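Coordinates in review
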Amino acid sequence: MQWHAYVLVFVAGLVAAFGTSLGAVPLFFVDDVRDRLDVGLWGLAGGLMASASVFGLLYEAYLHHSSIWLTGGGFVLGVLIVIGAHKIVERMSYEPEDMAEADATTLLNIFVVLLVHSFPEGIAIGVSFAELNALQHGGGVHLLGFTIPILAVVMTGALAVHNVPEGIATAIPMRGKMSNAKMWGAAFFTSIPQPIGAVVAFYFVVLAREFLGFGYGFAAGAMLYLVADDVLPEGLEAGESLGERSTRAWLAGGTVLGFVLMAPLILIL
């Protein structure tokens, strides 16, 4: 595979990471973001990620006639990796405002935490590019001499949307403690491991295509567990001031909307 392909995958990871810094932008102008909007965004992100995992990653494994044991093994390992990553993050936790006056050592420690936290999301992007090939046949998005799989486009978009409310949550504690430019940069910094994970995952799926089903299962397991254990609980926490019934309604509405919007986009295109 040409080096240009790895650059393309890295850029896709950066696009997803920019979703985090985009979430910081509203805090340039207001002190907070309406809870209903925040909860709805978490739900939308969860729905998009879940739909992309089921109708994108797992469906791709089915289309490639991958062994159910191979895909299932990857799925289970993906879940276990995210569980392990969460345990590590809990032990090495940091607060977003720690980046305001952090020295090089503190920033390095924070980066290690972020690497563990965001790396699985990057893996999902890298695996979704597995069918990237020179511009010759088949559907997809034609760009820079490549046919980019629709799955890669929607996976990158889904994770970018997921990063927006994460960026909001990151930026709120930093507001007033640093300039808007630094707050924007700090929010982006929290997702910088995603393009790294994307390139690493892409390298391995290209290297061992016979294990592609395992890669699809791994990415799907990691994504679905993130939705269940991270995205949706974050949405519930963001809506504490709304009351449980209202929060669940907005979260469920966003989740269903994201799931329904993503499914036909993947299956039809």
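Look up a bit, the structure's there.
Attention in this report is confined to the structure presented alongside it. Computed from a predicted structure; not experimentally measured.

1. Here we look at the overall build of the chain
For the chain, the helix and strand inventory stands at nine helices and three strands. In sequence order, the chain lays out its α and β elements as α-α-α-α-β-β-β-α-α-α-α-α. Per-residue burial over the chain gives 48% buried out of 269 residues.

2. Looking at the packing of aromatic side chains
Summed over all chains, the structure comprises seven aromatic pairs. Measuring from ring centre to ring centre gives 5.2 Å for Tyr 6 and Phe 202, while their planes differ by 70°; the resulting arrangement is edge-to-face. In this pair, Tyr 6 sits in helix H1 (residues 3-24) while Phe 202 sits in helix H7 (residues 193-207), placing the two residues 196 residues apart along the sequence. Consider the rings of Phe 18 and Trp 184, whose centres lie 5.8 Å apart with planes at 40°: the pair is tilted. Here Phe 18, found in helix H1, pairs with Trp 184, found in helix H6 (residues 180-189); they are 166 residues apart in sequence, far enough to count as distant. The exposure class assigned to Trp 184 is partly exposed, which follows from its relative accessible area of 32%. Taken together through their ring pairs, the aromatic side chains of Phe 18, Trp 184 and Phe 188 make up a single cluster.

3. A word on a nonpolar patch on the surface
A surface patch of nonpolar side chains, amounting to about 540 Å² of accessible area, comprises Phe 10, Ile 196, Val 200, Tyr 203, Phe 204 and Leu 207. Residue placement: Tyr 203 occurs in helix H7.

4. Looking at the packing of H1 against H6
The geometry of H1 relative to H6 is characterised by a closest axis approach of 7 Å and an angle of 140° between their N-to-C directions. The angle between the axes of H1 and H6 places the two elements in the oblique class. In this structure, the crossing between H1 and H6 has a hand that is right-handed. Within the contact between the two elements, H1 uses Leu 14, Ala 17, Phe 18, Thr 20, Ser 21 and Ala 24 and H6 uses Met 183, Trp 184, Ala 187 and Phe 188.

5. Quick look at the packing of helix H3 (residues 68-91) against helix H8 (residues 212-238)
Helix-helix packing: each pair is described by the crossing angle between the helix axes and the interaxial distance. One can describe the packing of H3 onto H8 by two numbers: an axis separation of 6 Å at closest approach and a directional angle of 40°. Overall, the two elements H3 and H8 adopt an arrangement that is oblique. Classified by chirality, the crossing of H8 by H3 is right-handed. Here Leu 70, Thr 71, Gly 73, Gly 74, Phe 75, Leu 77, Gly 78, Val 79, Ile 81, Val 82, Ile 83 and His 86 of H3 come into contact with H8, specifically with Gly 213, Phe 214, Gly 217, Phe 218, Ala 220, Gly 221, Ala 222, Leu 224, Tyr 225, Leu 226, Asp 229 and Asp 230. Here the contact of H3 with H8 is built from residues that sort into 14 nonpolar, eight polar and two charged.

6. Points about the environment of Val 154
Mapped onto the secondary structure, Val 154 falls in helix H5 (residues 150-171). For Val 154, a relative accessible area of 5% corresponds to the buried category. With 105 residues separating them along the chain, Val 154 and Met 49 place their C-alpha atoms 9.2 Å apart.

7. Observations concerning the side chain of His 86
Tracing the backbone shows His 86 in helix H3. For His 86, a relative accessible area of 14% puts it in the buried group. Only 2.9 Å separates the side chain of His 86 from the side chain of Asp 229, close enough to count as a polar contact. Ignoring anything within four residues of it in the chain, the contact list for His 86 reads Tyr 225, Leu 226, Asp 229 and Asp 230.

8. Some points on H7
Look at H7: 21 Å from first C-alpha to last across 15 residues, which is about the 21 Å you get at 1.5 Å a residue. Among all positions of H7, only Pro 193, Gln 194, Pro 195, Gly 197, Ala 198, Ala 201, Phe 202 and Val 205 are buried.

Reading guide: rules and limits
- Residues numbered from 1 in each chain as written.
- Predicted model: local features only at pLDDT ≥ 70, side-chain atom pairs only at ≥ 80, totals over all residues.
- Heavy atoms only, no water.
- Helix = DSSP H or I, 4+ residues; strand = E, 2+ residues; numbered from the N terminus.
- Buried < 20%, exposed > 50% of the residue type's maximum accessible area, 1.4 Å probe, protein only.
- Phe/Tyr/Trp six-rings, centres within 6.5 Å; stacked < 30°, edge-to-face > 60°.
- Patch = residues over 30% accessible without salt bridge, like charges linked within 9 Å, V, L, I, M, F, W, Y side chains within 5 Å.
- Areas by Shrake-Rupley, 256 points an atom, 1.4 Å probe, with all protein chains shown as cover.
- Salt bridge = Lys/Arg side-chain N within 4 Å of Asp/Glu carboxyl O.
- Axes fitted to C-alpha atoms, helices over the stretch in contact; angles between N-to-C directions.
- Parallel < 35°, antiparallel > 145°, perpendicular 65-115°, else oblique.
- Left-handed = near helix turned anticlockwise from the far one by under 90°.
- Contact = heavy atoms within 4.5 Å.
- Nonpolar A, V, L, I, M, F, W, Y, C, P; charged D, E, K, R; others polar.
- Polar contact = N/O pair within 3.5 Å; in protein donor to acceptor, adjacent residues only side chain to side chain.
- Expected span 1.5 Å × (residues − 1).

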